[in-house]
Amino acid sequence: LYQKGAHEAAILKINAFIKKRPESSMVGQMYNLGGLIYLARKDLATAQTAFERALRFSPEPVFDHYVQYNLATVHFEAKKFRESRALLLAIQPEV
């Protein structure tokens, strides 16, 4: 749905999934996907909330890097350059 541009339908499915399976290891990924949709819509406040929730429900540290990058993008779009830079600098990929 996301790739087809059916963002509203994707958000409904994401929210239904999270409500039905709040203990799933996929919840963090669902919040991240929702954040990407809100970011694409330029709904920065909602995107930020979704990415912050994705970090709380992150299944593994490697996934955190993707979410931190997405959250940094939100801050950049909101012209919060210091916050964006701090998040980007905090990303420590495995070498």
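Residues numbered from 1 in each chain as written. Predicted model: local features only at pLDDT ≥ 70, side-chain atom pairs only at ≥ 80, totals over all residues. Heavy atoms only, no water.

Attention now moves to the nonpolar core. One finds Ile18, Leu39, Ala47, Phe51 and Val74 to be the most contacted residues of the largest nonpolar core, which totals 21 residues. Elements with a contribution of two residues or more to this core: helix H1 (7-20), helix H2 (27-40), helix H3 (44-56) and helix H4 (61-77). Tallying contributions element by element places H2 first for this core, with six residues. In this structure, Ile18 is in contact with Val27, Met30 and Tyr31, ignoring residues within four places of it in sequence. (Core = buried A, V, L, I, M, F, W, Y, C linked by side-chain atoms within 4.5 Å. Buried < 20%, exposed > 50% of the residue type's maximum accessible area, 1.4 Å probe, protein only. Helix = DSSP H or I, 4+ residues; strand = E, 2+ residues; numbered from the N terminus. Contact = heavy atoms within 4.5 Å.)

Two elements in contact, H3 and H4, have axes whose closest approach is 9 Å; the angle formed by their N-to-C orientations is 160 degrees. Our classification of the angle between H3 and H4 gives roughly antiparallel. Here the hand of the crossing between H3 and H4 comes out left-handed. Contacts from Leu44, Ala47, Gln48, Phe51, Glu52, Ala54 and Leu55 in H3 reach Phe63, Asp64, Val67, Gln68, Asn70, Leu71, Val74, His75 and Glu77 in H4. Looking at the contact of H3 with H4 residue by residue, the class counts come to nine nonpolar, four polar and three charged. (Axes fitted to C-alpha atoms, helices over the stretch in contact; angles between N-to-C directions. Parallel < 35°, antiparallel > 145°, perpendicular 65-115°, else oblique. Left-handed = near helix turned anticlockwise from the far one by under 90°. Nonpolar A, V, L, I, M, F, W, Y, C, P; charged D, E, K, R; others polar.)

The terminal C-alpha atoms of H3, which comprises 13 residues, lie 18 Å apart, in line with the 18 Å expected from a rise of 1.5 Å per residue. Burial in H3 covers these residues: Leu44, Ala47, Ala50, Phe51 and Ala54. Around the axis of H3, the buried residues are gathered within 125 degrees of arc, so they sit on the same side. Residues of H3 that are exposed and point more than 90 degrees away from the buried face comprise Ala45 and Arg56. Those residues of H3 that are buried are in contact with H2 and H4. (Expected span 1.5 Å × (residues − 1). Arc of directions from axis to C-beta.)

Right, let's talk about the packing of H4 against helix H5 (residues 81-90) for a bit. It is the contact of H4 with H5, at a shortest axis distance of 7 Å, that shows an interaxial angle of 165 degrees. If you check the angle between H4 and H5, you find them roughly antiparallel. Remark: the crossing between H4 and H5 carries left-handed chirality. Of H5, the residues touching H4 (which contributes Gln68, Tyr69, Leu71, Ala72, His75 and Phe76) are Phe81, Glu83, Ser84, Leu87, Leu88 and Ala90. For the contact of H4 with H5, the class distribution of residues is eight nonpolar, three polar and one charged.

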